[in-house]
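Breakdown of the fold
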Amino acid sequence: MLELSNFLHNAALLLVALSLVATILAVATRARATEGSTEHELVVAGRADRELAGVGHGRGGRGSTAAGASAATRDGIPASAVPGTPRHGVGWFADRLAELALLALTGALVLRMLVTGHAPFANQYEFATAFVWAVLGSYVYFEWRYRIRGLALLVLPIALTMLLYSSSLERAADPLIPALQNSLLLTLHVLTAVIGYGAAAISFAAAVLFLVRDHVRIPGVPSGEVLEEVGYRAVVLTFPMLTMMLILGALWADIAWGRYWSWDPKETAALVTWLIYGAYLHARVMAGWRGNRAAWLLVLGFAAVVFTFLGNHWFGGLHSYA
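Residues numbered from 1 in each chain as written. Predicted model: local features only at pLDDT ≥ 70, side-chain atom pairs only at ≥ 80, totals over all residues. Heavy atoms only, no water.

**Remarks on the overall build of the protein**
Per the secondary structure count, the protein includes 10 helices and zero strands. When the helices and strands of the protein are read in sequence order from the N terminus, they spell out α-α-α-α-α-α-α-α-α-α. Taken across its 322 residues, the protein has 51% of its residues classed as buried. For the protein, the proportion of contacts with a sequence separation of at least 24, taken over those separated by at least 6, is 81%. (Helix = DSSP H or I, 4+ residues; strand = E, 2+ residues; numbered from the N terminus. Buried < 20%, exposed > 50% of the residue type's maximum accessible area, 1.4 Å probe, protein only. Contact = heavy atoms within 4.5 Å.)

**What about the environment of L109?**
With respect to the secondary-structure elements, L109 resides in helix α3 (residues 89–116). Sequence separation of L109 and T129 is 20 residues, and the distance between their C-alpha atoms is 7.7 Å. Those residues in contact with L109, other than ones at most four positions away along the chain, are P120, E126, T129, A130 and W133.

**Some points on the packing of helix α6 (residues 183–212) against helix α9 (residues 291–310)**
For the pair α6 and α9, interaxial distance at closest approach is 8 Å and the crossing angle is 140°. It follows from the interaxial angle that α6 and α9 lie oblique. Taken as a pair, α6 and α9 cross one another with a handedness that is left-handed. Here Y197, A200, A201, S203, F204, A207, V208, F210 and L211 of α6 lie close against α9, whose contacting residues are G291, N292, A295, W296, L298, V299, F302, V305 and T308. Here the residues of the contact of α6 with α9 sort into 14 nonpolar, four polar and no charged. (Axes fitted to C-alpha atoms, helices over the stretch in contact; angles between N-to-C directions. Parallel < 35°, antiparallel > 145°, perpendicular 65-115°, else oblique. Left-handed = near helix turned anticlockwise from the far one by under 90°. Nonpolar A, V, L, I, M, F, W, Y, C, P; charged D, E, K, R; others polar.)

**Examining the confidence of the model for the protein**
Per-residue confidence for the protein averages 81 on the pLDDT scale, and 79% of its residues sit at or above 70. Confidence, read as mean pLDDT per element, is least for helix α2 (residues 39–52) in the protein (49) and greatest for helix α5 (residues 152–167) (95). Low pLDDT, under 50, characterises residues 38–42; the predicted model gives this stretch one contact beyond four residues in sequence or across chains. Within the model, pLDDT remains below 50 along residues 55–86, and this stretch shows 62 contacts once partners closer than five positions in the same chain are excluded. (pLDDT = per-residue confidence, 0-100.)

**So, the packing of aromatic side chains**
The relation between two aromatic rings is expressed through the spacing of the ring centres and the mutual angle of the planes. Evaluation of the coordinates by the stated rule reveals 11 aromatic pairs. Considering the side-chain rings of F142 and Y146, the 6.3 Å spacing of their centres and the 10° angle between planes classify their relative orientation as stacked. Placement of both F142 and Y146 in helix α4 (residues 124–146) is noted, with a separation of four residues, approximately one turn of the helix. Judged by its relative accessible area of 3%, Y146 falls in the buried class. Ring plane angle 15° and centroid distance 5.4 Å describe the contact between F239 and W274, whose orientation is recorded as stacked. Of this pair, F239 sits in helix α7 (residues 224–257) while W274 sits in helix α8 (residues 265–285); the two residues are 35 residues apart in sequence, bridging distant segments of the chain. (Phe/Tyr/Trp six-rings, centres within 6.5 Å; stacked < 30°, edge-to-face > 60°.)

**What to know about the nonpolar core**
With 83 residues, the main nonpolar core has L136, L151, V230 and Y277 as its most contacted residues. Sorting the residues of this core by element identifies α1 (2–33), α3, α4, α5, α6, α7, α8 and α9 as the ones contributing at least two each. With 17 residues, the single largest contributor to this core is α6. Among residues more than four places away in sequence, those in contact with L136 are V16, A101, L102, L105, L156 and A159. (Core = buried A, V, L, I, M, F, W, Y, C linked by side-chain atoms within 4.5 Å.)

**Regarding a nonpolar patch on the surface**
A cluster of nonpolar residues, M1, V110, M113, L114 and V115, forms a patch on the protein surface that exposes about 420 Å² of accessible area. Mapping V115 onto the fold places it in helix α3. Taking relative accessible area as the criterion, V115 reaches 36% and is therefore assigned partly exposed. (Patch = residues over 30% accessible without salt bridge, like charges linked within 9 Å, V, L, I, M, F, W, Y side chains within 5 Å. Areas by Shrake-Rupley, 256 points an atom, 1.4 Å probe, with all protein chains shown as cover. Salt bridge = Lys/Arg side-chain N within 4 Å of Asp/Glu carboxyl O.)

**With respect to the environment of A201**
Structurally, the position occupied by A201 is in helix α6. As a C-alpha pair, A201 and V235 span 34 residues in sequence and 9.6 Å in three-dimensional space. Those residues in contact with A201, other than ones at most four positions away along the chain, are V135, V155, I158 and F302.

**Quick notes on empty space enclosed by the protein**
Across all of its chains, the model carries four cavities of 30 Å³ or more by this definition. Lining the second largest cavity are A206, A207, F210, L227, E228, G231, Y280, R284, G291, A294, A295 and L298. Going through the elements one at a time, α6, α7, α8 and α9 are the ones with two or more residues in the lining of the second largest cavity. Sorting elements by how many residues they give to the lining of the second largest cavity places α9 first, with four residues. (1 Å grid on protein atoms, 1.4 Å probe; cavity = no way out; pocket = protein on both sides within 12 Å on 5 of 7 lines; lining within 4 Å. Points joined across faces, edges and corners; volume = space filled by probe spheres on them.)

**A short note on the pattern of salt bridges**
The tally for this structure, following the rule as stated, stands at six salt bridges. Here R149 ties to D95 by a salt bridge, and the two come within 3.0 Å at their closest N and O atoms. With R149 in the loop between α4 and α5 and D95 in helix α3, this pair connects stretches of sequence that are 54 residues apart. Each member of the pair, R149 as well as D95, carries the same accessibility label: buried. In this structure, E229 and R284 form a salt bridge, with 3.9 Å as the shortest nitrogen-oxygen distance.

This is the structure in structure tokens:
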């Protein structure tokens, strides 16, 4: 089963690469098709963007919707009016490839867990693979929810890079070291971490698209309002997941090392990451931050996520095994 898990991991890498190529082709095709767009068509698309930005504000609020409506029509917006909405052709194919990659990674992780008897937390290969699984899962959800294919131009390269990185690591299923022999607590700790990191990748992609939208015209990328909404909604998932990660990690540290907090480099980086996303939420909700400064906070937050993930390689510490 371990060989099959490795095969599925490699298949996921190929599928993500093909999905990225198909996405680029879809965007290029859309660019050529929209070169002759009339002013009226652009106004209609802009109106759809503004209405879509209200999706998910809640019952009774501006842009609120009836429960149970589909994502593509949730604000009365037909799927064809939403920029980047997949209908057929290369774009549809790119979406299906991303979904197949997610399924392949799911199978790879499940098979590895059956072999090892624990969740993917024993080494960097396992955690990197779980990280990519969460990134793809978050992308599939947010692309379905908001129909923004442009997110794939940034999210898929992140997933592909992480898969290439994990492919370079040792895949042996070694016995757990003593500090990791608390499967339930560590499983929850790692699960909340990867979900939070996956959603953070979406907020990063939305923020970068927001920052470049006035300088580079990318078909399938909606208005700044929609991108800000997507970035915010992603952080609404990221922040509580990181909160639970820190709490569960502290409980595990007390069991494994006899203290809740030791200012280990990975612990410290995780705390800084949590503070950045907390600052973003506070600045947006309490101070009304919007625009470039809020987007740069999201870019900084994801940079902190990457540093938290990789920093122990340079600084060592109690998490040096991962």
